[in-house]
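Structural overview
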Amino acid sequence: MNTVIYFKEQFDQLQSRNNDSLCTIRQDAFDLFSKLGIPAAKNEEWKYTRISGLFNKEYQSLIDRIPALTAADLDAVRLPGHAYANELFFVNGQFSFRHSTIRSASLVVLPLEEAIKHEYKEIVEKHLGHSSQYLKDGINALNMAFVQGGIFIHVAKGKTPEHPVYIYNIIDSRTSNIFSQPRSLVHVAQNATLQIAETFATIGSQESFTNQVMEIVVEQDANVEYYKIQNDAAHTNQVSTTHIRQIGKSYTHAVTISLNGNIVRNNSNVVMEAERCEAHLYGLYFQRGQSHIDNHTVVDNVAPNCYSNELYKGMMDEKSTGVFNGKIFVRQPAQKTNAYQSNKNILLSNDASVNTKPQLEIFADDVKCSHGCTVGQLDEEGLFYLQSRGIPEKIAKSLLLHGFAIDILEKIKIAPIRQHVDELISQRLELL
Amino acid sequence: MLKIQNLHAGIEGKEILKGINLDIKPGEVHAIMGPNGSGKSTLASVLAGRKEYEVSKGTVEFLGKDLLDLSPEDRAGEGVFLAFQYPVEIPGLSTTNFIKTAVNEIRKYRGQGTLDAVGFLKMMKEKMALMGIDQSLLSRPLNEGFSGGEKKRNEIFQMAMLEPKLAILDETDSGLDIDAIRIVANGVVKLRNKDNAILVVTHYQRLLDYIVPDFVHVLYNGRIVKSGPKELALELEERGYDFIKSENQPVNA
C-alpha cells in the first residue's frame, strides 16, 4: 500500500466522521506525521529495528467499529488475579466500555474525548502528547493523529484503588490484518497509588501491528507501579510506548517482560521533573524463533536529587535479535543525581544477537551515574558445577537461566502476575 | 573401585598429567599431595569430567565402567562426587532447590523413585543435624555471598545428601582457617564408611590430621613419584617438597 495516501484517506474519514474535542490535536499530529514519515533505518533510534516493511501490508480500516468478542475470547486473554482487578479492554485500538469492569470506586476511567472537555480539561491538555517531546518520530505522531477511543485514567488525591488495573490490548485479526493504536493518559494525583498491568493479545491468524502509547503523570508523593507483559503470537508486531512523567517527588516502578512477538519495540521513558523522585526500570526479554525485541529507555533527570535504577536482562535463543538502548540525561540543574543502568544478555545460540548501547548525557557536575552491559554465553563453570551434582545438562542450563531471570521476576509486586510470568518462563525452560 | 592406568591428560594442547596410575578400593582414603602446578587439580577435574581437559592416553575404570566415557552428570549418577576448590556462585538458584534437583536426578539415574517434598525434607533435616548446617544457609541462593567456610561446608553437605561412592575433595582446606578446616573435615569423617572411598587432594598436611589417609601419593610434574603410608604426609610437611623435586629432576637430553 502507499503508506502516506492510505493514512491520509483514513485520516480524512476519521476527521469528517468525528468532529470532537480532539480534532485539532489530531490534525497537528497528522501534519507532523506527514513531515516525519515512517522511521527508516537511517534514523539512529531505529537503526536495528526495521518497521517500514510492516507498512507494506494491507490493514483493515483504522477506524472501524469494535468487533464482537465472546466471553470465551476475553477469558482466553485474561491475566491471573483478574477477578480482583479492574479490567480495561482495548479492542483493535478502541477502548471498550462494554467489555471492561471497574471494581474500584476510586478509579476514574473516561473517554479522552470527554475528559478533555470538563473536569480534567487542564490535566489532559497539559499532559496529553508529552511523549512526543522525547519520541520525535512519525510513529509517535501517527498514534496521536488517530487518537479516538482512547481513555483517561485518574486516581484522585490521597486515593488508592484497592484493586490493580489490568489493561488488555486485544486485536481481533480473524478476518484481516489489523493495525491498532490504543492511547491512554493516566493521572495519579498527590499521595495516590496505582498498580497497572498491561498485556497484548491477538485473536486470529492474520497479522497485527499495535502502535500503543500510554502516558502516566505522577504527582507529589504518589506511587505508581507499571507492568508490561508481552507474550503475543509470532505474527504480531508492536511499538509500545510508556512515558512516565514525575512532576512531584514521587516513586515509580516499571517492569517490562517480553517473551514473544515478531517485532516488538518498547519505548520506556521516565522524566523526573521534581526533586527527590525515585524511578525503577526493569526489563526481562526471553526470545526465540525470529523474534526481534527492542527496548529503548530514557531516564531524564531534570531536577536535582533524583534516584533511578535500571536493569534489563535478556536471554536470546535461536535466531532472535535484540536491542537495548538506554539513555540517561542529567540536565545542568540536576545536581546530586544518582542514576544506574545495567543491561545483561545471554546468547543461547550462535544465530542470536544483541545490540546494546548505553547513552549518557550529563550536564551537571555533581552526580553519580554508572552503566554497564554484557553479552555472553551461559556460564560454563556454573553449568559444570550443576552437572557434577548429577543434574543433566539441559536441566542445568534451564536452572541457570531461571536463576538469571529471577531477580527481574521478583520485581513484579502483583503476586498472581509474578507467578504467571514465572510459569511462562519455567514452561519455556521445560522446568514445569 | 577406581582404577587409573597410565592417564595422560592436558588442557589446550599442554600435557599436565603424564601417566598416572592409581588404584582405590572401597573404604580407603587416599591423599594426593604435591607442589603447586604438579597436576593435582587437573586430576580431580579429569575424574569429574570437566570438558576443557582432554585425555590423550590411558584409562579410568570406576566400578567396572569406563568413567571417561560418561558425562559429568552420569559420573555423579554412578557415585562420583567432586568437592570444588572454588564452589561456583549461582545467583537466583536456591540451595535447597538445587540439592533437591540433584538428589532426584541421581535417584532417577539409579532407577530409584524420586523423593516427594516430605521425603526430601526429612532427609535434609537428618543430614543437616549430622553436618551441623543451618537452615538459613540452604534457603539462600547457591553459594552467593557465602564465606569461604560456608561454601566448603555446603560442599560437604551436598556430599552428605548425594551419598557418593567416591568423593574427591579438591583442596577443600584452601582459604579456610583452622576452625573451619576442623568443622569441614569432621563432616567428611562422619560420612566415611566401609563402602565408600575418599580421594583428598591437598597441598598441606593439616587436613589429613582429621581425614586420616590410608595412602599418601606425591604428585610431581604430572606423575605420582612417591607413595606411602600416612607418615609420608608428615615427612612432606617437615621437609617441604624440595626433596621430591631434587629426587625427580627432569633428565636433560
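Please read these numbers as outputs of a predicted model, since none were measured by experiment.

**Looking at the overall build of chain B**
A tally of helices and strands in chain B yields nine helices and ten strands. The C-alpha atoms of chain B give 18 Å as radius of gyration, which agrees with the globular expectation for 253 residues (18 Å, within 12%). When the backbone C-alpha atoms are referred to their principal axes, chain B occupies close to 65 × 40 × 35 Å. The proportion of buried residues among the 253 residues of chain B is 42%.

**Describing the pairing of strand 8 (residues 193–203) of chain A**
Residue and element names in this part refer to chain A. Extensive coverage of strand 8 is indicated by the burial of ten of its eleven residues. Across eight bridges, the pairing between strand 5 (residues 165–172) and strand 8 is parallel. Its bridge partner being in strand 8, N169 is matched across the sheet by F200. Alignment of strand 8 against strand 10 (residues 223–230), held across seven bridges, turns out to be parallel. By the bridge assignment for strand 10, L194 is matched with V224.

**What about the nonpolar core?**
Note that soluble globular proteins tend to have their nonpolar side chains buried in a common cluster. Formed by 184 residues in total, the largest nonpolar core has its most connected members in A:V188, B:F81, B:I168 and B:V200. The element that contributes the greatest number of residues to this core is helix 8 (residues 393–409) of chain A, accounting for eight residues. In contact with B:I168, other than residues within four places in its own chain, are B:A44, B:L47, B:A48, B:F81, B:L82, B:A83, B:L199 and B:V201.

**What to know about the sheet that holds strand 9 (residues 215–220) of chain B**
Residues and elements named next belong to chain B. Spatial ordering of the open sheet is given by 6-7-8-3-9-10, a layout of six strands whose pairing is mixed. Only two strands of the sheet have a single neighbouring strand rather than two, namely strand 6 (80–83) and strand 10 (223–228). Adjacent strand axes in the sheet meet at a mean angle of 20 degrees, parallel and antiparallel pairs treated alike. Bridging between strand 7 (residues 166–170) and strand 8 (residues 197–202) involves five bridges; their strand directions are parallel. Counterpart to I168 in the pairing with strand 8 is L199.

**Details of the interface of chain B and chain A**
Chain B puts 21 residues into the contact, and the matching count from chain A is 19 residues. Among the elements of the structure, helix 2 (72–78), helix 3 (95–109) and helix 6 (148–162) of chain B are those that each provide at least two residues to the side of chain B that touches chain A. The leading source of residues in the side of chain B that touches chain A is helix 3 of chain B, at five residues. Within the side of chain B that touches chain A, the residues separate by chemical class into 13 nonpolar, five polar and three charged.

**Some points on the sheet that holds strand 2 (residues 14–24) of chain B**
Residue and element names in this part refer to chain B. Sheet architecture is open: four strands sit in the order 2-1-4-5, paired in antiparallel fashion. Bordering the open sheet on either side are strand 2 and strand 5 (65–66), each of which pairs with just one other strand. Across eight bridges, strand 1 (residues 2–11) lies against strand 2 in antiparallel orientation. Residue I4 lies in a different strand from strand 2, and its bridge partner there is L22.

**Looking at the packing of helix 8 of chain A against helix 9 (residues 415–428) of chain A**
Residues and elements named next belong to chain A. Contact geometry for helix 8 and helix 9: axes closest at 11 Å, N-to-C directions at 160 degrees. Judged by the inter-axis angle, helix 8 sits roughly antiparallel to helix 9. Here the hand of the crossing between helix 8 and helix 9 comes out right-handed. From helix 8, H402, A405 and L409 reach across to helix 9, where they touch R418, V421, D422, I425 and S426. Residue composition of the contact of helix 8 with helix 9, by class: four nonpolar, two polar and two charged.

**Brief notes about the packing of helix 4 (residues 117–131) of chain B against helix 6 of chain B**
Residues and elements named next belong to chain B. As a packed pair, helix 4 and helix 6 sit with axes 10 Å apart at the nearest point and diverge in direction by 135 degrees. The angle between helix 4 and helix 6 falls in the class oblique. Considering only the axes of helix 4 and helix 6, their crossing is right-handed. The residues of helix 6 that touch helix 4, namely those facing K127, L130 and M131, are I156, F157, A160 and M161. Across the contact of helix 4 with helix 6, the residue classes tally to six nonpolar, no polar and one charged.

**Brief notes about unusual backbone geometry**
Glycine aside, a negative phi is what most residues show, and trans is what most peptide bonds show. Its identity is not glycine, yet A:E430 carries a phi of approximately 55 degrees, on the positive side. Within the secondary structure, A:E430 is located in the segment after helix 9. In this model, B:N143 sits at a positive phi of 65 degrees, which is unusual for a non-glycine residue. Considering the arrangement of structural elements, one finds B:N143 in the loop between helix 5 (135–138) and helix 6.

**Notes on helix 6 (residues 138–145) of chain A**
Residue and element names in this part refer to chain A. In terms of burial, helix 6 is largely enclosed, as eight of its eight residues are buried. Three or more residues of helix 6 are buried, namely G138, I139, N140, A141, L142, N143, M144 and A145. Residues of helix 6 that are buried in the fold lie against helix 1 (3–17), helix 2 (23–36), strand 7 (183–188), strand 9 (208–218) and strand 11 (236–246).

**Things to note about helix 7 (residues 380–387) of chain A**
Most of helix 7 of chain A is tucked away: six of the eight residues are buried. Taken residue by residue, helix 7 of chain A has A:G382, A:L383, A:F384, A:Y385, A:L386 and A:Q387 as its buried positions. Buried-residue contacts for helix 7 of chain A involve helix 8 of chain A together with helix 2 of chain B.

**As for the pairing of strand 10 of chain A**
All names here are of chain A. Among the eight residues of strand 10, seven are classified as buried, and the element is accordingly described as predominantly covered. Examined bridge by bridge, strand 10 and strand 12 (residues 251–258) share eight bridges and lie parallel to one another. Directly across from I229, in strand 12, lies its bridge partner I257.

How each quantity is defined
Residues numbered from 1 in each chain as written. Chains lettered and ligands numbered in written order. Predicted model: local features only at pLDDT ≥ 70, side-chain atom pairs only at ≥ 80, totals over all residues. Helix = DSSP H or I, 4+ residues; strand = E, 2+ residues; numbered from the N terminus. Rg over C-alpha atoms; globule rule 2.2 N^0.38 Å. Buried ≥ 20, exposed ≤ 12 C-beta atoms within 10 Å, placed from the backbone. Pairing = 2+ DSSP bridges. Core = buried A, V, L, I, M, F, W, Y, C linked by C-beta atoms within 7 Å. Contact = placed C-beta atoms within 7 Å. Axes fitted to C-alpha atoms, helices over the stretch in contact; angles between N-to-C directions. Nonpolar A, V, L, I, M, F, W, Y, C, P; charged D, E, K, R; others polar. Parallel < 35°, antiparallel > 145°, perpendicular 65-115°, else oblique. Left-handed = near helix turned anticlockwise from the far one by under 90°.

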